[in-house]
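Descriptive structure summary
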Amino acid sequence: YMEQLIALVAKFSPHLVKPYWEDFLQITDVNHPCFNHKGVRAVHERAKANLKALKNVDDSKPLEMAFTAIDGSKINLANMRGKVVLIDFWTVRCAPCIKEMPHVQAMYDKYRSQGFEVIGLVGDDDTAKEQVLKIIKKQSASWPQYLDKGKDAIVSYHSLYNIRSYPTVWLLNKEGIIVDKNARGVRLEPLIRLHLGLDK
């Protein structure tokens, strides 16, 4: 419910997202009479994690992102410095996103050994998990996927970055800085080659 409220706020007044998270953090601090209650602590930790992530929302700085993917793998962008990373924000309701997957897989197969990585951020909750697994199996998409609105998601990156239209595909350079926010289709391979330094 908290995520839904903040997503609604972000839609109309993005500048209020940070104050809302600050309020959630403040009203659930150690002075709260139920601070040791599991739910109150969970709200407090989620607010703290989102405020930390918000501090790093700056296109001129390396993007920070850490989570556990559906397959159990631990993903941390800080550990991917030196690689070119594609971040695919998608949802099970986005047909163009799904249609693009075989092309992304072809690029992943072709350039992974040279330092190209892909991460999928699914803007759905746990009820979509089986559907996500079926889609990625059918499309042969072998990169890590994250249920961005699942029960174990501390930070929803779709909400944090105000992602509301699909497909949204970001490309990070070797320093972890966003260099393109529409890295898809025929534009993708030249961008990969450019940032891997293959076309010198």
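Summarised in this report is the structure supplied together with it.

Each value, and the rule that gives it
Residues numbered from 1 in each chain as written. Predicted model: local features only at pLDDT ≥ 70, side-chain atom pairs only at ≥ 80, totals over all residues. Heavy atoms only, no water. Buried < 20%, exposed > 50% of the residue type's maximum accessible area, 1.4 Å probe, protein only. Helix = DSSP H or I, 4+ residues; strand = E, 2+ residues; numbered from the N terminus. Pairing = 2+ DSSP bridges. Disulfide = S-S within 2.5 Å. Salt bridge = Lys/Arg side-chain N within 4 Å of Asp/Glu carboxyl O. Expected span 1.5 Å × (residues − 1). Bend = angle between axes of the 7 residues up to and from the residue. Contact = heavy atoms within 4.5 Å.

Regarding the pairing of strand β6 (residues 168-172)
Across the five residues of β6, five count as buried, placing the element largely inside the fold. Two elements, strand β3 (residues 84-90) and β6, share five bridges in a ladder whose sense is antiparallel. By the bridge assignment for β6, Phe89 is matched with Thr168. Judged from the two bridges that link them, β6 and strand β7 (residues 178-180) form a sheet pairing that is antiparallel. When the bridges of β7 are listed, Leu171 appears paired with Asp180. Hairpin remark: β6 followed by β7, antiparallel, with five residues in the connecting loop; positive phi at Gly176, about 85 degrees.

Some details on the state of the cysteines
Two cysteines joined by a covalent bond between their sulfur atoms form a disulfide. A full pass over the atoms with the stated rule returns one disulfide. Paired through a disulfide, Cys94 and Cys97 show a sulfur-sulfur distance of 2.1 Å. Disulfide Cys94-Cys97: torsion about the S-S bond near 80 degrees, hence right-handed. Of the two residues examined, Cys94 and Cys97, each falls in the buried class.

Regarding the pattern of salt bridges
Evaluated as defined, the whole model comprises six salt bridges. When salt bridges that share partners are traced, they join Lys83, Arg112 and Glu117 into one network.

Some words on helix α4 (residues 95-111)
For α4, with 17 residues, the first-to-last C-alpha span of 25 Å sits near the 24 Å given by 1.5 Å per residue. Where α4 bends most, the angle comes to about 35 degrees, and this point is Met101, followed within four residues by the proline Pro102. Turning to α4, its buried residues number three or more, namely Cys97, Ile98, Glu100, Met101, Val104, Gln105, Met107, Tyr108 and Tyr111. Among the structural elements, β3, β4 (116-122), α5 (129-138) and α7 (188-196) are those in contact with the buried residues of α4.

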